[in-house]
Amino acid sequence: MGIEDFGGGQGPHADVLVVTTNDVPGFRVEQVIGEVFGLTVRSRHLGSQIGAGLKSMIGGELKGLTKTLVQTRNQAMERLVEQARSRGANAVLMFRFDVSEAADIGTEVCAYGTAAVITRV
């Protein structure tokens, strides 16, 4: 697995800018649309659970689970961007992830932020 399997985020020419900050240098917030989120829940398959159990005995990174979590976070972010775009936003401010266990059967990942319309100053 290469480093590209463990990353995420947007490409350089995204039509909806997603930032973790309250504002964007060089831009003005013209309109706040409101909260948007992208949610996904993933279960772990038996093979990865067995592999993770064995790996936990000897230590080290659980690369299969790491890759699955990256894919899950990317899917949640894609859904967030889709929702923002459908509401007329070109930016999501104060972007965050929330990760929790979902009824002991999987992992819930929620990407959330504030949809806004921004313009270059």
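Residues numbered from 1 in each chain as written. Predicted model: local features only at pLDDT ≥ 70, side-chain atom pairs only at ≥ 80, totals over all residues. Heavy atoms only, no water.

A.B. asks: Residue-level account of the overall build of the protein chain, with values.
C.D. replies: The helix and strand inventory of the protein chain stands at 2 helices and 4 strands. Sequence-ordered secondary structure for the protein chain, helices as α and strands as β, is β-β-α-α-β-β. Every one of the 121 residues in the protein chain was classed for burial, and the buried ones make up 29%. A sequence separation of at least 24 residues applies to 76% of the contacts in the protein chain between residues at least 6 apart. Carbon and sulfur atoms form 54% of the exposed surface of the protein chain, whose accessible area is close to 7600 Å². (Helix = DSSP H or I, 4+ residues; strand = E, 2+ residues; numbered from the N terminus. Buried < 20%, exposed > 50% of the residue type's maximum accessible area, 1.4 Å probe, protein only. Contact = heavy atoms within 4.5 Å. Areas by Shrake-Rupley, 256 points an atom, 1.4 Å probe, with all protein chains shown as cover.)

A.B. asks: Can you lay out the nonpolar core for me, pointing to particular residues and giving the numbers?
C.D. replies: Nonpolar side chains in soluble globular proteins generally cluster together in the buried interior. By size, the foremost hydrophobic cluster in this structure holds 16 residues, and its most contacted members are V18, V36, L80, A84, V92, F95 and A115. For this core, the secondary structure elements donating two or more residues are β2 (27-42), α2 (63-86), β3 (91-102) and β4 (106-120). When residues in this core are grouped by element, the largest group, 5 residues, is from α2. With 6 residues, the next largest nonpolar core counts V19, V24, L93 and A116 among its residues. (Core = buried A, V, L, I, M, F, W, Y, C linked by side-chain atoms within 4.5 Å.)

A.B. asks: So what's going on with the side chain of T72? Residues and values would help.
C.D. replies: Of note, T72 is situated in helix α2. According to the relative accessible area criterion, T72 is buried, its value standing at 2%. If near-sequence neighbours (up to four positions away) are discounted, T72 is found in contact with T40, R42 and V109.

A.B. asks: For the pairing of β4, give the residues involved together with the corresponding values.
C.D. replies: For β4, a buried count of 11 out of 15 residues is recorded, marking the element as mostly surrounded by other parts of the structure. Bridging between β2 and β4 involves 14 bridges; their strand directions are antiparallel. Paired with R28 across the bridge in β4 is T119. Connecting β3 to the antiparallel partner β4 that follows it, the hairpin turn spans 3 residues, and A103 within it adopts a positive phi of roughly 50 degrees. (Pairing = 2+ DSSP bridges.)

A.B. asks: Please give an account of α2 that cites residues and values.
C.D. replies: Along its 24 residues, α2 runs 35 Å from first to last C-alpha, staying within 8% of the 34 Å computed at 1.5 Å per residue. By the burial criterion, the buried members of α2 are V70, T72, A76, M77, L80, V81 and A84. Those residues of α2 hidden inside the fold are in contact with β1 (17-18), β2, β3 and β4. Two residues or fewer after α2 comes G88, characterised by a positive phi angle close to 90 degrees. (Expected span 1.5 Å × (residues − 1).)

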